[in-house]
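Spelled out from the first residue to the last, the chains are:
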Amino acid sequence: MAETHVLFVEDDDVIREATTLALERDGFVVTAMPDGLSGLESFRADRPDIALLDVMVPGMDGVSLCRRIRDESTVPVIMLSARADSIDVVLGLEAGADDYVTKPFDGSVLVARIRAVLRRFDHSGGPQPGGPNAADNGADSERGVLSFGDLEVDTEGMEVRRAGAAVALTPTEMRLLLEFSSAPGTVLSRDRLLERVWDYDWGGDTRVVDVHVQRLRTKIGQDRIETVRGFGYKLKA
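Here the structure is a predicted model, which means the values were calculated and not measured.

This part covers the environment of alanine 112. Inspection of the secondary structure puts alanine 112 in helix H5 (residues 107-122). Given a relative accessible area of 43%, alanine 112 falls into the partly exposed group. C-alpha separation for the pair alanine 112 and tyrosine 200, spaced 88 residues apart in sequence, amounts to 9.9 Å.

Listed below in structure tokens is the structure:
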């Protein structure tokens, strides 16, 4: 099995060195950079499997670096933030990050979150069609294509089209859409989405779900996913 290459951008020398050692002990290959500019150069040169970006780094902050990475790649990104309630968390997610971890963090927790993100990307097949509502929503069982108005979701080819035009989704956005399309018209709670899409088996921060739903809406249509206040979200059949 190929080793997983992690790009780690952190300006604090102690945190950078300690976290690098912890990740290497768990079998990861780590390239650690002290600022955003060198982080971007390393990303372009090495094409890592996953990027860990501290929000507050010099040269180019982590949020801006995340945007640059997302412009060029769908590689998974985890943001590191010193404040759980900081707007930096939301900004990082809006920039295209797949998840975030709050500092200070336990090394085992960080490793678990990295592995969870990588599992989502490795198992991009996601939820399968064929639920109780599938036959009522234009599903072509032979081709694995689900249709919702002008939206087509190819669950086998992992492709999405809106009004015939290809829609570019990150793997996390694709898994989120697959979860919705497997149960159109059914309200899915944020906790269920955290468990099924983000692989959390414990209550996580629902802002991760909310921001990704909003990002998904901008790509497939703002009115395609409906908010059901107090309960969650549902895909309009």
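This paragraph deals with the sheet that holds strand S4 (residues 77-81). Across a sheet, strands are paired by hydrogen bonds formed along the backbone, either parallel or antiparallel in direction. In spatial order, the strands read S2-S1-S3-S4-S5; together these 5 strands make up an open sheet with parallel pairing. The open sheet has two edge strands with one neighbour each: strand S2 (29-33) and strand S5 (99-102). Along the sheet, successive strands turn relative to each other by an average axial angle of 20°, direction set aside. Where strand S3 (residues 50-54) lies against S4, 4 bridges are found, and the strand directions are parallel. For leucine 52, the partnering residue across the bridge sits in S4 and is isoleucine 78.

Turning our attention to the packing of helix H6 (residues 171-181) against helix H7 (residues 190-197). In contact at an axis separation of 10 Å, H6 and H7 are set at 125° when each is read in the N-to-C sense. With respect to H7, the axis of H6 lies oblique. Here H6 runs over H7; the crossing is right-handed. Residues Thr172, Arg175, Leu176, Glu179 and Phe180 of H6 form the contact with H7, whose own contacting residues are Arg192, Leu193, Arg196 and Val197. Tallied by class, residues from the contact of H6 with H7 come to 4 nonpolar, 1 polar and 4 charged.

Analysis parameters
- Residues numbered from 1 in each chain as written.
- Predicted model: local features only at pLDDT ≥ 70, side-chain atom pairs only at ≥ 80, totals over all residues.
- Heavy atoms only, no water.
- Helix = DSSP H or I, 4+ residues; strand = E, 2+ residues; numbered from the N terminus.
- Buried < 20%, exposed > 50% of the residue type's maximum accessible area, 1.4 Å probe, protein only.
- Pairing = 2+ DSSP bridges.
- Axes fitted to C-alpha atoms, helices over the stretch in contact; angles between N-to-C directions.
- Parallel < 35°, antiparallel > 145°, perpendicular 65-115°, else oblique.
- Left-handed = near helix turned anticlockwise from the far one by under 90°.
- Contact = heavy atoms within 4.5 Å.
- Nonpolar A, V, L, I, M, F, W, Y, C, P; charged D, E, K, R; others polar.

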